[in-house]
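Residue-level structural notes
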2 protein chains.
Amino acid sequence: MSTPVPAGFLFASGTAGIKASGKPDLAVIEAPQGATAAAMFTRNRVAAAPVVLGRRHVAESRGRLRAVVINAGNANCATGEAGLDAARRTCVEFARLLGAPVEHVLPSSTGIIGVPLPVEKLLRALPGVHDQCNNSAAALDSVAHAIMTTDTRPKMASASFCSAHVTGIAKGAGMIHPDMATMLVYVLTDAAASPALLRRALRTAVNESFNCISIDGDTSTNDTAVLMASGAAGVNASQDERGFTAAITDVCASLADQIVADGEGVQHRVTLRVDGAANHAAAARIARTVAQSLLVKTAWAGADPNWGRLLAAAGRAGVAIDPGAVDIWIAGQRVCAGGASVAFDADRAHRAMSEPAYEIRVRVGAGPGTSRVLTGDLTAEYVHINADYST
Amino acid sequence: MSTPVPAGFLFASGTAGIKASGKPDLAVIEAPQGATAAAMFTRNRVAAAPVVLGRRHVAESRGRLRAVVINAGNANCATGEAGLDAARRTCVEFARLLGAPVEHVLPSSTGIIGVPLPVEKLLRALPGVHDQCNNSAAALDSVAHAIMTTDTRPKMASASFCSAHVTGIAKGAGMIHPDMATMLVYVLTDAAASPALLRRALRTAVNESFNCISIDGDTSTNDTAVLMASGAAGVNASQDERGFTAAITDVCASLADQIVADGEGVQHRVTLRVDGAANHAAAARIARTVAQSLLVKTAWAGADPNWGRLLAAAGRAGVAIDPGAVDIWIAGQRVCAGGASVAFDADRAHRAMSEPAYEIRVRVGAGPGTSRVLTGDLTAEYVHINADYST
């Protein structure tokens, strides 16, 4: 791996025995000298125990973390008081190993909902994982692997800020939808930054990246984006907050793109741009409705330039639009003008839609509202993956 | 066919050459002595030309119709002024054949969006179809067949009101979603009724039937429900408006059930009941979010009692719920209590979910709000049907 490893962080993964496959399912990220931190969590009303506890810890520690403990294979969601207790015991045990306050440990879980977390397995595995922690690229890579569930490949991205590094890892391939930190994302930098600056930077980066992607319209109960700054590189983000935020955003945008590319069953990544709406909120509503339409997503699966489905989905978004003012472009070619058919090269459109990635633009009028969603097609493979997941 | 044929109506179908398959694609329903009528149309902002014109005709005729002319294979939607002109010419020609005012003819179209309607083909076929019109069950049946697109079977239902008949036919197998008359539906009765009474009865019947079903969350641009009363049976609906409305509702409920059963790729019909919400609107929002969740629908495809996906979808509906107060039942068996797992017989749940139809109940609290949606699973077959439809 050539991914730069930010200084001030240690990594390790292990196998607690939670995944039935026997693959690594436990990962930790440590900041031995501590790190400032910001975190964003799911907006789903049903939040998993680690999200409930993680919110609390980041608030109580006033944005300082010593470690993140992540398990895959079990979401520890809809597990009641016992689930909250399991998350708490995990943090208590790891805080003991580190000699840190418990609220400086952030828990994360991903996997099936509603099954009790086998916390004893986790507790048994933690000391060994802690002992193996190191600052190597291989260890970082092993963390990116251990947090995978239905992901087919790990997701990593890097950027630089002055002499500091920014590196992010993420997991996520389904349940991907805006309005939240839609997956598990850990962005680490060895720049120094205040928790307040990290919160601003993370908010901007998430809005520009993870909040612009949608695979299946489902918003997970667990997802979490964490930004941690060790300060080990001797550079302070406040020297150039804009440049720092840009670096964080670059990393998040790359991770978001990787997540869509690895979306369950996704064969084609589609950047859907909506413009000309009355305002951004109206544009976003139209973009999301189109991006979630099963008829649209299945047409994309067939590389079918059936723009009527795009138009029909835009029309049912609950936003007042004039159908006679709608223009649609597929991969730069106009296929609908004034809400009606225009002559276009269907073969060329089909060829463009057969590529792994292309762009669709829907102009709904002459207003200033714009929105962009990075999404994908809906294939039979998605159905197979999700019809067979838990049983 | 044993379906009773209401008196005062004539039926015929023909082949205009719109469907590439060469199957019948044109149907007419005539009321030689005229009929009172009510109609409901799609709420999609992108409404097809026949919907635009149909709305106008029903308003201009003050609820009186002599005929409905239906074509399948082309939606005549997103076809601009030419499309509106094509719909108008169809009505003008048929009104000429009938010797009726043009606004007494209602046009309907279903099929692909954005392709110009080959109106000359329709105009050429109309006189022959008009000549064949008759009151036989075979002719009624042929209409139910001619309006099919991706439907695998025709949909018909009957009820009686005093000595009068109520018979409905419908088409629809995809793009099925609440908030509209979500398909083509024609309900005919030989009772007499005022247009105002018909409007009330149709509104009630549609709310209790077609507005409670969802296949894929897509709302069509074309869909139309028409209720026509010939008065030929010598019974007046005003004698017992409640009983008349119940008969109309029975017919619509049966047609709605048939539509879901024939939903594209649907292997399992699921009646989803949500109760305990703060109010009906909140319950409806939760029910629709769950019914549209791809993760939920694919779990149903696998007959997988993965109730965590139901809970997670309920949590993202944008309604304030307490996850700790959520109970879930699958086919009468409680699988989640207080938002957490309870011991349940997973084999029994799996067997119940392997049946063609079953019920799921989600209680989200102790409020008075309830809602019911009749929906289905999402299978790879749905994707195949819709990825290959137009090309």
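Below you will find a few notes about this structure. All of these numbers come straight from a predicted model, not from anything done at the bench.

All right, on to helix 9 (residues 307-315) of chain A then. A large share of helix 9 of chain A lies buried, amounting to 9 of its 9 residues. What helix 9 of chain A keeps buried is the set Trp-307, Gly-308, Arg-309, Leu-310, Leu-311, Ala-312, Ala-313, Ala-314 and Gly-315 of chain A.

This part takes up the relation of the copies chain A and chain B. Each copy of the sequence occupies a distinct position, and chain A is placed on chain B by a rotation of 180° and an axial shift of 0.0 Å, giving an RMSD of 0.0 Å. Taken together, the turn and the small shift mark the pair as related by a two-fold rotation axis. Proximity to the rotation axis, assessed at the C-alpha, singles out Ala-380 of chain A in chain A; its C-alpha lies 2.2 Å from the axis.

The next subject is the interface of chain A and chain B. By a widespread convention, an interface's size corresponds to the accessible area lost as its parts come together. Contacts between the two partners involve 49 residues from chain A and, on the opposite side, 49 residues from chain B. Buried area between chain A and chain B, summed over both chains or domains, comes out near 4,000 Å², and the portion from carbon and sulfur atoms is 63%. The three residues of chain A that bury the most area against chain B are Arg-45, Leu-294 and Leu-295 of chain A, which together make up 16% of that side's buried surface. Seen at the junction of chain A and chain B, the total is 0 salt bridges.

Residue and element names in this part refer to chain A. Read across the open sheet, the 7 strands follow the order 8-15-10-14-11-12-13; overall the sheet is mixed. Every other strand in the sheet has two partners, leaving strand 8 (213-214) and strand 13 (340-341) as the edge strands with one partner each. Pairing analysis gives 2 bridges linking strand 12 (residues 333-337) to strand 13, with the strands arranged antiparallel. Each residue of the ladder has a partner; that of Cys-336, found in strand 13, is Ser-341. Against the sheet, helix 8 (residues 294-301) touches strand 8, strand 10 (269-277), strand 14 (357-363) and strand 15 (369-376), its axis set at about 55° to strand 15.

This brings us to the packing of helix 8 of chain A against helix 9 of chain A. All names here are of chain A. Packing of helix 8 against helix 9 brings their axes to within 9 Å, and their N-to-C directions diverge by 160°. With respect to helix 9, the axis of helix 8 lies roughly antiparallel. Considering the relative orientation of helix 8 and helix 9, their crossing is left-handed. Across from Leu-295, Val-296, Thr-298, Ala-299 and Trp-300 in helix 8, the residues of helix 9 making contact are Arg-309, Leu-310 and Ala-313. Here the contact of helix 8 with helix 9 is composed, by residue class, of 6 nonpolar, 1 polar and 1 charged.

Cut-off values and rules
- Residues numbered from 1 in each chain as written.
- Chains lettered and ligands numbered in written order.
- Predicted model: local features only at pLDDT ≥ 70, side-chain atom pairs only at ≥ 80, totals over all residues.
- Heavy atoms only, no water.
- Buried < 20%, exposed > 50% of the residue type's maximum accessible area, 1.4 Å probe, protein only.
- Helix = DSSP H or I, 4+ residues; strand = E, 2+ residues; numbered from the N terminus.
- Least-squares fit on C-alpha atoms with pLDDT ≥ 70 in both.
- Contact = heavy atoms within 4.5 Å.
- Buried area = accessible area lost by both parts, 1.4 Å probe.
- Salt bridge = Lys/Arg side-chain N within 4 Å of Asp/Glu carboxyl O.
- Pairing = 2+ DSSP bridges.
- Axes fitted to C-alpha atoms, helices over the stretch in contact; angles between N-to-C directions.
- Parallel < 35°, antiparallel > 145°, perpendicular 65-115°, else oblique.
- Left-handed = near helix turned anticlockwise from the far one by under 90°.
- Nonpolar A, V, L, I, M, F, W, Y, C, P; charged D, E, K, R; others polar.

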